[in-house]
2 protein chains.
Amino acid sequence: MSFELLATDSVGARRGRLHTARGTVETPTFMPCASVGAVKALSSHEVREAGIELILCNTYHLYLRPGHELIRDLGGLHAFTGWDGPILTDSGGFQVFSLAPLRKITEDGVLFQSHLDGSRHFLSPEKTIAIQQALGADIIMPLDECAPYPISHGEAKDALDRTLRWAERSRDVHKETDQILFGIVQGGIFSDLRERGVREMVRLGFDGYAMGGLSVGETKAEMEEVLEAALPHLPTDRPRYLMGVGTPTDLLVSIGAGVDMFDCVMPTRHGRTGSLFTATGHLNIKGAAYARDPSPVDPSCTCYTCRHYSRAYLRHLFVTGDILGHRLNTLHNLHFYGMLMRQAREAIAEGRFAVLQAETLQRLSSEQISE
Amino acid sequence: MSFELLATDSVGARRGRLHTARGTVETPTFMPCASVGAVKALSSHEVREAGIELILCNTYHLYLRPGHELIRDLGGLHAFTGWDGPILTDSGGFQVFSLAPLRKITEDGVLFQSHLDGSRHFLSPEKTIAIQQALGADIIMPLDECAPYPISHGEAKDALDRTLRWAERSRDVHKETDQILFGIVQGGIFSDLRERGVREMVRLGFDGYAMGGLSVGETKAEMEEVLEAALPHLPTDRPRYLMGVGTPTDLLVSIGAGVDMFDCVMPTRHGRTGSLFTATGHLNIKGAAYARDPSPVDPSCTCYTCRHYSRAYLRHLFVTGDILGHRLNTLHNLHFYGMLMRQAREAIAEGRFAVLQAETLQRLSSEQISE
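Given the structure is predicted, the values throughout are model-derived calculations rather than measurements.

**Digging into the domain arrangement of chain A**
Residue and element names in this part refer to chain A.
- Taken domain by domain, chain A consists of domain 1 (2-264) and domain 2 (270-355).
- With 26 residues of domain 1 in contact, the opposing surface of domain 2 contributes 21 residues.
- Looking at the side of domain 1 that touches domain 2, the elements with two or more residues in it are strand S1 (2-8), strand S2 (14-20), strand S4 (29-32), helix H1 (44-49) and helix H10 (248-256).
- The leading source of residues in the side of domain 1 that touches domain 2 is H10, at five residues.
- Here the residues of the side of domain 1 that touches domain 2 sort into 16 nonpolar, four polar and six charged.

**Topic: the interface of chain A and chain B**
- Each partner contributes residues to the interface: chain A has 31 residues there, and chain B has 31 residues.
- For the side of chain A that touches chain B, the secondary-structure elements that each account for two or more residues are helix H3 (68-73), helix H4 (76-81), helix H13 (311-320) and helix H14 (323-349) of chain A.
- The biggest single contributor to the side of chain A that touches chain B is H13 of chain A, with six residues.
- Looking at side-chain class alone, the side of chain A that touches chain B contains 17 nonpolar, eight polar and six charged residues.

**As for the environment of His233 of chain A**
Residues and elements named next belong to chain A.
- Here His233 lies in the loop between helix H9 (220-230) and strand S13 (240-242).
- Under the C-beta neighbour-count criterion, His233 is labelled partly exposed, with 16 such atoms within 10 Å.
- Put simply, His233 and Met243 are 10 residues apart on the chain and 18 Å apart in space, counted from C-alpha to C-alpha.

**A look at the sheet that holds strand S14 (residues 261-264) of chain A**
All names here are of chain A.
- Strand order in the open sheet formed by eight strands is S4-S14-S13-S12-S11-S10-S6-S5, and the pairing between neighbours is parallel. Each end of this open sheet is capped by a strand with a single partner; those strands are S4 and strand S5 (55-57).
- Two elements, S5 and strand S6 (residues 87-89), share three bridges in a ladder whose sense is parallel. The residue of S6 that forms the bridge with Leu56 is Leu88.

**Regarding the pairing of S14 of chain A**
Residue and element names in this part refer to chain A.
- Of the two faces of S14, the one carrying Met261 and Asp263 and the one carrying Phe262 and Cys264 are both buried.
- Sheet analysis places S4 next to S14, joined by four bridges and oriented parallel. Looking at the pairing, Pro32 lines up with Cys264 of S14.
- Across two bridges, S13 lies against S14 in parallel orientation. In the sheet register, Tyr241 faces S14, and the bridge partner there is Met261.
- Of the crossover connections in this fold, the one passing from S13 over H10 to the parallel S14 is right-handed.

Procedures and definitions
- Residues numbered from 1 in each chain as written.
- Chains lettered and ligands numbered in written order.
- Predicted model: local features only at pLDDT ≥ 70, side-chain atom pairs only at ≥ 80, totals over all residues.
- Domains from an automatic or database assignment.
- Contact = placed C-beta atoms within 7 Å.
- Helix = DSSP H or I, 4+ residues; strand = E, 2+ residues; numbered from the N terminus.
- Nonpolar A, V, L, I, M, F, W, Y, C, P; charged D, E, K, R; others polar.
- Buried ≥ 20, exposed ≤ 12 C-beta atoms within 10 Å, placed from the backbone.
- Pairing = 2+ DSSP bridges.
- Right-handed = clockwise from strand over helix to strand, strands pointing away.

Here it is as structure tokens:
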């Protein structure tokens, strides 16, 4: 693994390049969620055409179905899914905390029930690494304790400390492979915990650093405070990943704070519910106003959907429940995110990110989508 | 409109070319069902890549939602849907008889309730033509009375006679336009009625002739008898369309009997339920046997799905309910139908259709899919 920091804007935005076993990722970058091994509704080729270089698959889902050993036996995630670019897998921890109907955390790991069939499973830091090695992702994450919001300082401290101990165990079993291992910093919304979390995680030493436990209900101001407290203590020569974030506005603000990588279900999930991103804010395709509207979703957009289909047709597909609608909407939203990242990268490289950020935030001010 | 009959095989199979306002259709041809203006899950480009030249849209669905006037105001079906090739619209009659919770047939037309909201509507032969003119399809169908199966000879005769009277009214209001108007022959499974239906429909004079009221529950032998009774009395210089048919076996048998055009929901609907067509019969992708199968659905197939994805992955997508699975399955099945038609056309042109038919029916003998 190597991360090249190509440029840093005066406001702190970073333009970089992350080299993985399966190709280079230009940063800042956005990863769509390919939970079970597919960006819902889209083919691999469409994902790439949307400007996406790195996708995220969920270890929890793949471990339960079809199973990491089956995927390993079929040649790993890339052979299985047909996506030949870089893949990041998460640790499974977040889904255990958000989906499993029953879970019990001990120092050794987390016991949980499958949300699919109630079967019981145990994930330890070591097993999480082993599963991700079987899956064969290019970037992997250690098991962490993702605390809920709101939470007391004491509870957040306990979750951080356990996450640090688990991170050390993960690092120790992480063999010399091509897989890039990140450390995940927890600490809730408490700046002192986040700062200490970063310092200790950096002392342990990882290929990259992620901010976990955000985008779970805290305010925008709280999230920004956390980033301000944490990011300055990270080494500049390692990629920084803000997990589960976010809206286009969140992305631009966080890039300005020095974040390099993001993932979020927003473009894909909103696509399936008819919420479409445009350069001037969001548009709900269900709206009766679009029934007779022959214009594309976003006249400034060059995606397949906007080049070939009208708002009227997309609304009709949505109203009649045709799968093609989900797909065209998802394609558009993902292209929007891909384009936003490309614009950010170009602006940072040319020293004009602050201007892009201000102008885009202004244009997006009608954006009504909450996380 | 003009129909060129290019070749007739010794068994009676026909190779032709149907010229429409929006391009030429090579026959025999198969039309997928694009009920509400989209072949479910597929883009226009994918439909074309599957070898499809003509699609069928349902007047009933489009009349109710979004409405034929809205589509007319947006430039017609082609502009609305993004499919720039030839489109055939049905009369709406079949859906009125199969979907509407309440319907009352009078000599003037049919009163029915929408299956969507219970609203009442009246379709006459004249209104059906007017709706299809507003939609702007290239080939349109007159209102017919599609009788159920089983039905008595007397009831079948009444439905045929009404269909003939409605056909005459339809022809009389059909303005000189680029739209090709077919006549639909009814008559149930009764050879005498079918023969008379053909003779009278031909006397009225249409651009093409369709066999309606089949594939509604009758046996294969009954359907073949109907075709034998009816087809010889049709003019050779007009296209012949067998509505709602069918399986790959049905298609090959009917092409041999002299049919030029088909439509059926089978490839698309079966795609969404995981039933996949292959050169050696059908395959249900849900099967546990495919969980670890790295081979494509059909090793002899050149479709996008078979070129990029394994049975194991398609099974996984199906089991997890991912939309991408519906889509890849649909794409494969449609490609299979497109390929079957292409092979039939080539074989007829080269005078070897009987051989192709026999060999293919033999290979497909494991086919378990019923209509």
